Amino acid sequence: MRWVLVLLYAAALHAQTNPVQTGGVNGRVTNSVTGDLVPGATVKLLPLRYTGEQTLQLQTSSQADGGFHLDSVPVGTYAATAEKEGFVANQLDTRSPLITVQAGQIATDITVQVTPQGSIAGKVVDDEGKPVQGAHVRALSAKKSGSNAVSDEAGNFRLLKLPPGDYYVLADPPQKAPGEYVRTIFPHSLSFDDASTIQVAAGQSATDIDIRMRQAATYHIRGKISDPPDGATNQKFRVTVLPKVSIDPSSLLRSVAVSPDRTFDIPGLVPGNYTLRLTGQLNRTGRANRLLARQDVELGASSVEGLVLEITPPLVLNGHVTADSQTPVNLTRVRMMAVPVEEVPRPTQVFAGVAADGSFALTNLDPGVYQIRAMTNLPGMYIKSVVFNQQDILGKDIDLSQTGAGQLEVLVRSGAAEVDGIIEPVGVPALAVLVPESVGRDGFGVKYGYTGQGGTFSLRDLAPGRYSAYAVDRFLSGPWTNNDFLRDIANLGTGVQVDENSRQQVQLQKLPLEQVRQIAGRLGLLLP
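Residues numbered from 1 in each chain as written. Predicted model: local features only at pLDDT ≥ 70, side-chain atom pairs only at ≥ 80, totals over all residues. Heavy atoms only, no water.

Draft legend 1. The overall build of the chain, seen in detail. Counting its secondary structure elements, the chain contains 4 helices and 40 strands. The buried share of the chain, reckoned over its 528 residues, is 45%. As displayed, the chain offers around 26,600 Å² of accessible surface, 48% of which is attributable to carbon and sulfur atoms. (Helix = DSSP H or I, 4+ residues; strand = E, 2+ residues; numbered from the N terminus. Buried < 20%, exposed > 50% of the residue type's maximum accessible area, 1.4 Å probe, protein only. Areas by Shrake-Rupley, 256 points an atom, 1.4 Å probe, with all protein chains shown as cover.)

In structure tokens form, the structure reads like this:
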């Protein structure tokens, strides 16, 4: 008890002798489209860098005039966000104002913008133009699901709370629909390749979006799973079927339970290409819902019968890292990673350290599609190649459900390049972004460098190759990890060719913030 009192006294004395310095923030919340002031919004300050001994709940609400005030904010740098019903849920992005709070000072004239949600309205009809009641209607963007609705007795539907962006609108027939009506994508398509997208602007409603339901013959995929391995105590498995489409298929999946006799039957499928995934838990100590088998299936004008999904035990990829260098290299500073490419079921990344002799093992891998990545913080070195079964797979996908286990050979090589530069206008905080020709689906491989004094930046330990360089107002992770964004902004980049041991100099002009916002906004990235 005496020690507790001593500690409490020490803490109180420290608080008295080292008080937390604070300031305040005054600002307003506005509608990003109309410029109107927005009352009743929840405003949050998110610390990017602060000086203090505790993290406070830094939030308040905008008042009737749209203004807000926060007192006792610890000295530091913050990003501000705001949320309100009827507006897109705010995230850290290029709209978020950066606020520097100084001791005893009030940061003023802070504007936090919120973007009004959009909507899509229309009608579901049958082949004869008659309204279809009870159709399940959804809006899907390229990367995620939007809202959903059920058509009323007049066939009308309204999809609400949509961020700006392009959407597919699809309707699933009512459960007791007559005939053989099937999922139909606006305006009258069975395939996303033939369908049209609807552009939703901030605060606007896209109307007269009428979907004419299609009738089509449907078929089954029937089969069984192989016998579980010895020692398996769980017999509950599910088979999921996902269409091979250009958008995220997770919202389109269908799942059926495997029967006690280990057979399954998936009905109601239109012709097309699908991926079947068997998931389950083999025993109580194993991971739940792990991927046990994966198989691609082409469904034509007849049902698929007698398919066998072979349960694959967890895979192991053994490998070795070799250094091409004139000096000794600490190979333990290399780290390996297996990144699942497919997002359903929830993917699990697998990491592995490298031993001093260069050996490593990526264990407990599901039989799916992966990218194998090597990362190093060895100064002056880069990853030259990642070879699997005599094929260089650096930046490429490998399907372990087809190839199974194998040997990985990784080569790290000295001679990494460097790109230095200056961003104009000088004196304005900016970020240099360097994008290689080959980028992972999650933006892996993109390099970033903040400007220092004088507007300069430096990016080191680069692999030789061709890059595109950009300078932007500020960076908050989102758009640069999106491959569609990188594609659409590519023509605004400055080409940079780097060779081994080279040191390139570039001069970049900062891209107009509004131009970057427009590119991101067209992709629904919450950057209007």
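Draft legend 2. Representation of the sheet that holds strand 8 (residues 118–125) within the structure. In spatial order, the strands read 11-8-16; together these 3 strands make up an open sheet with mixed pairing. Strands with a single pairing partner mark the edges of an open sheet, and in this sheet they are strand 11 (156–162) and strand 16 (205–212). Neighbouring strand axes in the sheet, compared pairwise and without regard to direction, differ in orientation by 25° on average. Pairing of strand 8 with strand 11 involves 5 bridges; the strand directions are antiparallel. Looking across to strand 11, one finds that Gly122 is bridged to Phe157. (Pairing = 2+ DSSP bridges. Axes fitted to C-alpha atoms, helices over the stretch in contact; angles between N-to-C directions.)

Draft legend 3. Representation of the environment of Gly395 in the model. If you trace the backbone, Gly395 turns up in the loop between strand 31 (391–392) and strand 32 (398–399). With relative accessibility at 39%, the residue Gly395 sits in the partly exposed group. With sequence-adjacent residues up to four places away left out, Gly395 is seen in contact with Gln371 and Ser438. (Contact = heavy atoms within 4.5 Å.)

Draft legend 4. Summary view of the side chain of Ser151. With respect to the element layout, Ser151 can be found in the loop between strand 10 (145–150) and strand 11. Within the structure, the side chain of Ser151 is placed 2.7 Å from the backbone oxygen of Val132, a separation counted as a polar contact. (Polar contact = N/O pair within 3.5 Å; in protein donor to acceptor, adjacent residues only side chain to side chain.)

Draft legend 5. Highlighting unusual backbone geometry. Between Phe186 and the following residue, Pro187, the backbone shows a cis peptide bond with an omega angle of 5°. One can find Pro187 in the loop between strand 14 (184–185) and strand 15 (198–200). Cis geometry marks the peptide bond from Glu424 to Pro425; its omega dihedral reads 0°. Within the secondary structure layout, Pro425 lies in the loop between strand 34 (417–424) and strand 35 (431–436). One non-glycine residue, Ser72, adopts positive backbone phi at about 55°. When its relative accessible area of 45% is taken as the criterion, Ser72 is described as partly exposed.

Draft legend 6. Geometry of the nonpolar core. Met336, Leu362, Leu365, Ile372 and Leu408 are the most contacted members of the largest nonpolar core, which has 27 residues in total. At the level of secondary structure, the elements contributing two or more residues to this core comprise strand 25 (315–324), strand 26 (334–340), strand 27 (350–353), strand 28 (359–365), strand 29 (369–376), strand 30 (381–388) and strand 33 (407–414). The greatest single-element share of this core, amounting to 4 residues, is contributed by strand 30. In this structure Leu408 touches Leu317, Asn318, Gly319, His320, Phe360, Leu362, Ile372, Val386, Val387, Phe388 and Ile393, once residues within four positions along its chain are discounted. Judged by nonpolar contacts, the second largest core, of 26 residues, contains Val182, Tyr219, Tyr274 and Leu278. (Core = buried A, V, L, I, M, F, W, Y, C linked by side-chain atoms within 4.5 Å.)

Draft legend 7. Focus on the sheet that holds strand 24 (residues 304–309). Ordered by their spatial adjacency, 3 strands build an open sheet running 21-18-24, and the pairing between neighbours is mixed. Either end of the sheet is taken by a strand with one partner, and the two such strands are strand 21 (263–269) and strand 24. Going across the sheet, the axis of each strand differs from the next one's by a mean of 25°, ignoring polarity. Inspection of the sheet shows strand 18 (residues 219–225) paired to strand 21 by 5 bridges, in the antiparallel sense. Looking across to strand 21, one finds that Arg222 is bridged to Asp265.

Draft legend 8. Region of interest: the packing of aromatic side chains. According to the stated counting rule, one finds 3 aromatic pairs in the structure shown. Both rings, one in Tyr168 and one in Phe192, keep their centres 5.0 Å apart while their planes meet at 90°; by these two values the pair is edge-to-face. With a gap of 24 residues between them, Tyr168 in strand 12 (residues 165–172) and Phe192 in the loop between strand 14 and strand 15 connect regions that are remote in the sequence. You can call Tyr168 buried: its relative accessible area is 14%. The exposure class of Phe192 is buried, given its relative accessible area of 8%. For the pair Trp480 and Phe485, a centre-to-centre distance of 5.1 Å together with 85° between the ring planes defines the contact as edge-to-face. Phe485 shares its class with Trp480; the two are buried. Three or more aromatic residues link up through ring pairs in this structure, and these residues are Tyr470, Trp480 and Phe485. (Phe/Tyr/Trp six-rings, centres within 6.5 Å; stacked < 30°, edge-to-face > 60°.)

Draft legend 9. Region of interest: the side chain of Ser62. Note on placement: Ser62 falls in the loop between strand 3 (59–61) and strand 4 (67–74). Look at Ser62 and you get buried, because its relative accessible area is 5%. Residues contacting Ser62, with those up to four places away along its chain left out, are Val29, Val38, Pro39, Gly40, Ala41, Gly67 and Phe68.

Draft legend 10. Looking closely at the pattern of salt bridges. What the rule picks out here adds up to 20 salt bridges. Here Arg138 ties to Asp172 by a salt bridge, and the two come within 3.0 Å at their closest N and O atoms. Placement of Arg138 in strand 9 (residues 136–140) and of Asp172 in strand 12 is noted, with a sequence separation of 34 residues between them. With respect to burial, Arg138 and Asp172 carry one shared label: buried. Between Asp172 and Arg183 there is a salt bridge, and its shortest N-O distance comes to 2.7 Å. Of this pair, Asp172 sits in strand 12 while Arg183 is found in the loop between strand 13 (181–182) and strand 14, placing the two residues 11 residues apart along the sequence. (Salt bridge = Lys/Arg side-chain N within 4 Å of Asp/Glu carboxyl O.)

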